[in-house]
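# Survey of secondary and tertiary structure
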Amino acid sequence: MAKKFVRAIFPGSFDPITNGHLDVISRGMKLFDELVIAVGRSPVKNQLFTPEERVEMIAELIRGMPGVSVEPFEGLTVEYAARKKADVILRGLRSLTDVQYEFQLAMTNRAVTGIETIFIMTSEQYGFTSSTLIREVASLGGDLSNLIPKTVHERLKQRLKKNGHGALRSRSESEDTILNT
Ligand code: ADP
């Protein structure tokens, strides 16, 4: 039987992309023929990097990864998935805490359009890495060399310097997801 061509989208805020996200991407690219990283654009909230900047940072990092691409998107993830003719939505799981919310999201998305969500568990060393935490640690000048790519770290330092550390707004990961789905 011929293997089905599978296109997946990996939606998220990626503000900024972390080694945890990259770990999910490198595992995902082995499972799917095409993997589109979809950077959510929220009209409501104040993000550290613009969607264009986030896309640019990701594009640099996925150069040379076959079948992997990145683009911004607006509105509902399921509608974007339909426009892209995606077969599945890919999401990453870090811990049991992620499971409850992701489960709810996946069930809702399936109920709305029938699209399936596939989860990939991160490597243990990134189980505690989140973009929110990265922004917070960076604002306090912490060492992030094991958690984010060097290029991202440089951009983060520049952005925080420009904003002044106090300008960094803290918000929850689930707030991001709600706004992007
Ligand atoms: P969202 O705001 O949609 O949650 P994120 O950029 O925070 O966007 O996350 C996108 C996806 O990547 C989510 O499925 C999230 O669970 C997953 N993710 C985030 N950090 C990690 C990590 N360290 N390891 C594995 N998956 C992760």
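Everything numeric in this text was worked out from a predicted model, so none of it was measured.

Turning to the environment of Gln47, a few remarks are in order. By the secondary structure assignment, Gln47 is in the loop between β2 (34-41) and α2 (51-62). Considering only alpha carbons, one finds Gln47 and Ser13, 34 residues apart in sequence, at a separation of 9.1 Å. Looking at Gln47, its side chain comes within polar contact range of the side chain of Arg54, at 2.5 Å.

Pairing is possible between side chains of opposite charge, provided their charged atoms come close. Going through the model one piece at a time under the given rule, you end up with 15 salt bridges. Ionic pairing is found between Arg155 and Glu56, a salt bridge with its closest N-O pair at 2.8 Å. In this pair, Arg155 sits in helix α6 (residues 150-163) while Glu56 sits in helix α2, placing the two residues 99 residues apart along the sequence. Among the salt bridges present, the one from Arg110 reaches Glu116, with a minimum N-O distance of 3.5 Å. What makes Glu116 partly exposed here is its relative accessible area of 40%. Members of the salt-bridge network, linked through shared partners, are Asp15, Arg54 and Arg135.

Another aspect to go through is helix α5 (residues 131-139). When we look at burial in α5, the residues that qualify are Ser131, Thr132, Ile134, Arg135, Ala138 and Ser139. Buried residues in α5, looked at end-on, bunch into an arc of 165°, giving them a common side. Remark: Gly141 follows α5 within two positions and exhibits a positive phi of approximately 80°.

Time to look at the sheet that holds strand β4 (residues 88-93). Within the open sheet, the five strands sit side by side as β3-β2-β1-β4-β5. Their pairing is parallel. Of all the strands in the sheet, just β3 (68-74) and β5 (116-121) have a single pairing partner and so form its edges. Adjacent strand axes in the sheet meet at a mean angle of 35°, parallel and antiparallel pairs treated alike. One ladder, built from six bridges, connects β4 with β5; its direction is parallel. Considered in β5, the bridge of Arg91 is made with Phe119.

This paragraph deals with the nonpolar core. By size, the foremost hydrophobic cluster in this structure holds 31 residues, and its most contacted members are Ile25, Leu35, Ile37, Ile58 and Leu156. Among the secondary structure elements, those contributing two or more residues to this core are β1 (7-12), α1 (19-31), β2, α2, β3, β4, α5 and α6. Ranked by residue count, the leading element in this core is α2, at four residues. In contact with Leu35, other than residues within four places in its own chain, are Ala8, Phe10, Ile25, Gly28, Met29, Gly67, Val68, Ser69 and Leu90. Counting 10 residues, the second-largest nonpolar core is a separate cluster that includes Ile9, Val78, Ile89 and Ile115.

On to α6. Here α6 is 14 residues long and its end C-alpha atoms lie 20 Å apart, about the 20 Å a rise of 1.5 Å per residue gives. Close packing links the buried residues of α6 with α2 and α5.

Looking now at the pairing of β4. For β4, a buried count of five out of six residues is recorded, marking the element as mostly surrounded by other parts of the structure. Alignment of β1 against β4, held across two bridges, turns out to be parallel. The partner of Ile9 across the bridge, within β4, is Ile89. The handedness of the β4 to β5 crossover, carried by helix α4 (residues 96-113), is right-handed.

Conventions used here
Residues numbered from 1 in each chain as written. Predicted model: local features only at pLDDT ≥ 70, side-chain atom pairs only at ≥ 80, totals over all residues. Heavy atoms only, no water. Helix = DSSP H or I, 4+ residues; strand = E, 2+ residues; numbered from the N terminus. Polar contact = N/O pair within 3.5 Å; in protein donor to acceptor, adjacent residues only side chain to side chain. Salt bridge = Lys/Arg side-chain N within 4 Å of Asp/Glu carboxyl O. Buried < 20%, exposed > 50% of the residue type's maximum accessible area, 1.4 Å probe, protein only. Arc of directions from axis to C-beta. Pairing = 2+ DSSP bridges. Axes fitted to C-alpha atoms, helices over the stretch in contact; angles between N-to-C directions. Core = buried A, V, L, I, M, F, W, Y, C linked by side-chain atoms within 4.5 Å. Contact = heavy atoms within 4.5 Å. Expected span 1.5 Å × (residues − 1). Right-handed = clockwise from strand over helix to strand, strands pointing away.

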